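In case you want the letters, here they are:
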Amino acid sequence: MTLRHMKIYVSVFRLSSMTKAAEELHLAQPSVSLAVRELEDYYGIRLFERIGRHISSTEAGKEFYSYAVHIVSLFEEMEKKIRNWDTLGILRIGSSITIGTRILPSLIARCQTAFPDLRVEAVVNNSTEIEKKILNNTIDIGLIETQTGQKELCSVPFMQDCLCAILPPGHPLAGKKGVSLSQLVRYPFLMREKGSAGREILEAAFSISQLSVRPVWESTSTQAIVKAVSQGLGVAVLPYLLVEKDIQENTVVGRTLNPPIQRSLNIIYHKSKYLTENMNAFISLCRTYGAEQEPVVIPSSSAPCP
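In this text, all values refer to a predicted model and were calculated from it rather than measured experimentally. (Residues numbered from 1 in each chain as written. Predicted model: local features only at pLDDT ≥ 70, side-chain atom pairs only at ≥ 80, totals over all residues. Heavy atoms only, no water.)

Observations regarding the packing of aromatic side chains
Any aromatic ring pair is given by two values, namely how distant the centres are and how the planes are angled relative to each other. For clarity, the threshold we go by: Note on aromatic contacts: the rings of Phe and Tyr and the six-membered ring of Trp form a pair at centre separations within 6.5 Å, being stacked when their planes are under 30 degrees apart, edge-to-face when over 60 apart, and tilted otherwise. Helix and strand assignments follow DSSP, with helices taken as H or I runs no shorter than four residues and strands as E runs no shorter than two, numbered in order from the N terminus. Think of it in three bands: residues with accessible area under 20% of the maximum for their type are buried, residues over 50% are exposed, and the middle band is partly exposed, with areas taken using a 1.4 Å probe on protein chains only.
Counted according to the given criterion, the structure contains 7 aromatic pairs. Each ring, one from Y9 and one from F64, has its centre 4.9 Å from the other, and the planes form 80°; the classification is edge-to-face. Placement of Y9 in helix α1 (residues 3-15) and of F64 in helix α4 (residues 59-83) is noted, with a sequence separation of 55 residues between them. Judged by its relative accessible area of 0%, Y9 falls in the buried class. Connected via pairs of aromatic rings, a cluster forms that spans Y9, F13, Y42, Y43, F48, F64 and Y65.

Here's what the structure looks like:
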C-alpha cells in the first residue's frame, strides 16, 4: 500500500466513479481499478460495492477515506511548503533594542508585503544576546548596532546612526548647540546596561577621551533613562533614533556631541549559514531601507549627524 494507492482511492471515493477518477488523475482506467483492488487485497476488506457500472462505498471504505484524505492532504501540504520554502517557510530575525524599537517593524512590514505567506518570527534583545542567538542558530539574521567581534559571523552595514546627549530642561548645558563628553561627565550620568551596543560604544569613546565614568543609574529600558533625565536626575547619551520623539516633545533637551559619535547599523549572519532566497531578499530590503533614510538633524543643533 503506497501513497499513490491512497491518492487514487480518494479521487474514486470523491467522484464515485473509477472512470472519472482516471480522467482526473490522467491514468488509464484499468490502472485505477487495479489500485483499488490492490488496496482491498492488502487490507482484506471490500471498499466499494460494484453494481453494474455504479460503485458505492462500504462502511469500511468510508472509514478508510477519513484517514486517506488527511494523509493525502498532509502530503500535498508538505510538498507545497518544502518546494516553496522561500515564500511559505519561516524567517527568524533578531535585532538590538534600538533597531527593534524604531526600524524592525517597518522592515518586517515590507518583507511581509513582498512575501505574504512567509512567517516572520522576531526577537528583540541587546546586541550581545543577538550575536549569541546567531551563533546558536536560533535566529537566521541579526540586526545590531555594533561591528561584531565574532570571527564566525559576517557583518554588513545597512544604515548610519548617531548618539546624542539628552539633558533635563533648564540644564546648564541646554543653552549650548553641542556638548562634549568631558562636559557631560561633570554631571550624574545615566547609562544603558552592559552588553548593549550603546553602552559599548559610549565606553569606548570615554576610553579614547581618557574619561572615567561611574553611572548613577543603569537600565535596560531607554524610557526609564529618558524619564529620569526629564526629572533632573542626570544626563545621558543615547541613540537619536530612540529619543527623537522625546526631544521633539520637549520631554528632554537633545544636543549633538562634539566630536560626534556615529555608528553603522549592521546585518549579521553566520559564515556557514546557507542564505535562502527570502534571507537574501531581507538583507537587500534592509540595505534599501537604510539608503532611503535622510541624515539625522537634532533640533536646535548646528549640523546634521554625519
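Side note on the pairing of strand β2 (residues 54-57)
Note the threshold: At least two DSSP bridges between two strands are needed for those strands to be called paired.
As judged from the 4 bridges shared by strand β1 (residues 48-51) and β2, these two strands associate in the antiparallel manner. Paired with F48 across the bridge in β2 is S57. Here β1 folds back onto β2 in antiparallel fashion, the turn holding 2 residues, of which G52 has a positive phi close to 65°.

Here's the deal with the packing of helix α11 (residues 222-230) against helix α12 (residues 240-248)
Using the following cut-off: Axes here refer to lines fitted to C-alpha atoms; in helices the fit is confined to the stretch in contact. Angles between the N-to-C directions go from 0 to 180 degrees. Throughout this description, any angle smaller than 35 degrees is read as roughly parallel, any larger than 145 degrees as roughly antiparallel, any in the 65 to 115 degree range as roughly perpendicular, and the remainder as oblique. A crossing counts as left-handed when the near helix is turned anticlockwise from the far one by less than a right angle, and as right-handed when that turn is clockwise. Residues count as neighbours in contact if any of their non-hydrogen atoms are within 4.5 Å of one another. In this count, Pro and Cys sit with the nonpolar residues alongside Ala, Val, Leu, Ile, Met, Phe, Trp and Tyr, while Asp, Glu, Lys and Arg are called charged and the others, Gly among them, polar.
Where α11 contacts α12, the axes come no closer than 11 Å and their chain directions differ by 40°. Here α11 is positioned oblique relative to α12, judged by the angle of their axes. Of the two elements, α11 crosses α12, and the hand of that crossing is right-handed. Between α11 and α12, the residues in contact are T222, Q223 and V226 and L242, V243 and D246, respectively. Of the residues assigned to the contact of α11 with α12, the class counts are 3 nonpolar, 2 polar and 1 charged.

Section: the environment of K271
Secondary-structure assignment places K271 in the loop between β12 (262-270) and α13 (277-292). What makes K271 exposed here is its relative accessible area of 53%. Note: C-alpha distance between K271 and G142 (129 residues apart in sequence) is 13 Å. Those residues within four positions of K271 in sequence are excluded, and the remaining contacts are K151, E152, L153 and C154.

Focus: unusual backbone geometry
At the junction of N258 and P259, the peptide bond is cis and its omega measures out at 0° in the coordinates. Position of P259 among the secondary structure elements: in the loop between β11 (253-257) and β12. For N137, which is not glycine, the phi dihedral falls at a positive 60°. Along the chain, N137 falls in the loop between α8 (127-135) and β5 (141-144). Classification of N137 as partly exposed rests on a relative accessible area of 41%. If you check the backbone angles, N250 has positive phi at about 65° while not being a glycine. Note on placement: N250 falls in the loop between α12 and β11. Here N250 falls in the exposed class, since its relative accessible area comes to 60%.

Structural notes on a nonpolar patch on the surface
Short version of the rule: Each patch is built from residues that are more than 30% exposed by relative accessible area and take part in no salt bridge. Like charges join if they lie within 9 Å; nonpolar side chains (Val, Leu, Ile, Met, Phe, Trp, Tyr) join within 5 Å. Computed by Shrake-Rupley with a 1.4 Å probe, the accessible areas treat only the displayed protein chains as cover when residues are assessed. Basic side-chain nitrogens of Lys or Arg form a salt bridge, by our definition, when they fall within 4 Å of a carboxyl oxygen of Asp or Glu.
Among the surface-exposed residues, M1, Y42, Y43 and I45 lie close enough to one another that they form a single nonpolar patch of about 390 Å² accessible area. The residue I45 is located in the loop between α3 (29-43) and β1 in this model.

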